[in-house]
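Structural characterization, general
These are the residues of each chain, in order.
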Amino acid sequence: MANPDSVGQLYLDSFSNGRIGIIKATTLNTSGNGATTNITIPLCSGGLTNGGAVANSGGVIIRRITVQNPSGSVASANVSISATSDGANLITANTVLSSVNAAGQYQDITVAAPYSNKVVSGSVTQCLYVNINTVAGNANTADIVVWGDVVSF
């Protein structure tokens, strides 16, 4: 008989498609790149290794990013997610959150090339940055969740 604790002894790199980053209850009312908005999403809770090069650093495959659990409408917001705080190295294209218009709504944001088939390396970043092109226009909040696979820590 299998030991029921055997799964609890494994790390996320033993599974596929887990939550690799989250920021809860963030407002989308400051426009600018990640350096201006100060909205960061730590990857692997900040545990992605930076070995100084792609070959010896941790890495994740980003499968999708979900904006969910809004306190109210953030449908006017136009956002993108990037690997660097200057708004370059975009993980997603600019996306209007039109589906996130009331509590209980969510919207998946598609991962754009080159990250649709490229590992995000810890030597490049240990977090993702939220860039806001158009603000939500209110103080409502939403969670932003990053889903994907851990290649290595």
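Residues numbered from 1 in each chain as written. Predicted model: local features only at pLDDT ≥ 70, side-chain atom pairs only at ≥ 80, totals over all residues. Heavy atoms only, no water.

Quick look at the overall build of the protein now. When its secondary structure is counted, the protein shows one helix and nine strands. Relative to the 2.2 N^0.38 estimate, which gives 15 Å for 153 residues, the radius of gyration of the protein is 16 Å and therefore close to what a compact globule would have. Its C-alpha atoms give the protein principal-axis dimensions of about 50 × 40 × 25 Å. Total accessible area on the protein is roughly 7,400 Å²; 49% of this is exposed by carbon and sulfur atoms. (Helix = DSSP H or I, 4+ residues; strand = E, 2+ residues; numbered from the N terminus. Rg over C-alpha atoms; globule rule 2.2 N^0.38 Å. Areas by Shrake-Rupley, 256 points an atom, 1.4 Å probe, with all protein chains shown as cover.)

With respect to topology, four strands assemble into an open sheet ordered β2-β8-β4-β5, the strand pairing being antiparallel. Single-partner strands in this sheet number two, and they are β2 (40-42) and β5 (95-96). Taken together, the five bridges between strand β4 (residues 78-82) and strand β8 (residues 127-134) define a ladder with antiparallel strand orientation. Following the sheet pairing, Ile81 is matched in β8 by Val130. (Pairing = 2+ DSSP bridges.)

Looking now at unusual backbone geometry. In the segment running from Ala113 into Pro114, the intervening peptide bond is cis, with an omega of 5°. Locating Pro114 in the fold gives a position in the loop between β6 (107-109) and β7 (120-121).

In terms of burial, strand β9 (residues 141-152) is a largely internal element, nine of the twelve residues being buried. One ladder, built from seven bridges, connects strand β1 (residues 18-27) with β9; its direction is antiparallel. Bridging across to β9, Ile23 finds its partner in Ile144. (Buried < 20%, exposed > 50% of the residue type's maximum accessible area, 1.4 Å probe, protein only.)

Turning next to the nonpolar core. Of all hydrophobic cores here, the largest spans 32 residues; its most connected members are Leu28, Val60, Ile62, Ile91 and Leu97. Counting only elements with at least two residues in this core, the list comes to β1, β3 (59-68), β4, β8 and β9. Beyond its immediate stretch of four places on either side in the chain, Leu97 contacts Leu28, Val67, Val74, Ala75, Ala77, Val79, Gln107 and Ile109. (Core = buried A, V, L, I, M, F, W, Y, C linked by side-chain atoms within 4.5 Å. Contact = heavy atoms within 4.5 Å.)

This part covers the pattern of salt bridges. Throughout the structure, instances matching the rule amount to two salt bridges. Arg64 is the partner of Asp108 in a salt bridge, and the nearest nitrogen-oxygen pair spans 3.6 Å. Here Asp108, found in strand β6, pairs with Arg64, found in strand β3; they are 44 residues apart in sequence, far enough to count as distant. Asp108 gets classed as partly exposed once you look at its relative accessible area, which sits at 39%. (Salt bridge = Lys/Arg side-chain N within 4 Å of Asp/Glu carboxyl O.)

Of all five residues in β4, five are buried; the element is thus mostly enclosed. Where burial is concerned, the two faces of β4 agree: the one with Asn78, Ser80 and Ser82 and the one with Val79 and Ile81 are both buried. Two elements, β4 and β5, share two bridges in a ladder whose sense is antiparallel. Bridge pairing in β5 links Val79 to Thr95.

Topologically, Asp143 is positioned in strand β9. Although buried, Asp143 forms no salt bridge, and the nearest oppositely charged side chain, Lys24, lies 5.5 Å from it. Within polar-contact distance, the side chain of Asp143 engages the backbone nitrogen of Ala25 at 2.8 Å. Every residue in contact with Asp143, bar those within four places of it in the chain, is listed here: Ile23, Lys24, Ala25, Thr66, Val67, Gln68 and Asn69. (Lys, Arg positive; Asp, Glu negative; His and termini not counted. Polar contact = N/O pair within 3.5 Å; in protein donor to acceptor, adjacent residues only side chain to side chain.)

With respect to the helices and strands, Asn131 occurs in strand β8. Residue class for Asn131 comes out buried when judged on its relative accessible area of 3%. In terms of polar contacts, Asn131 uses its side chain to reach the backbone amide nitrogen of Gly34, at 2.8 Å. At 3.1 Å, the side chain of Asn131 forms a polar contact with the side chain of Ser82. Residues contacting Asn131, with those up to four places away along its chain left out, are Gly32, Asn33, Gly34, Asn78, Val79, Ser80, Ile81, Ser82, Gly87 and Leu90.

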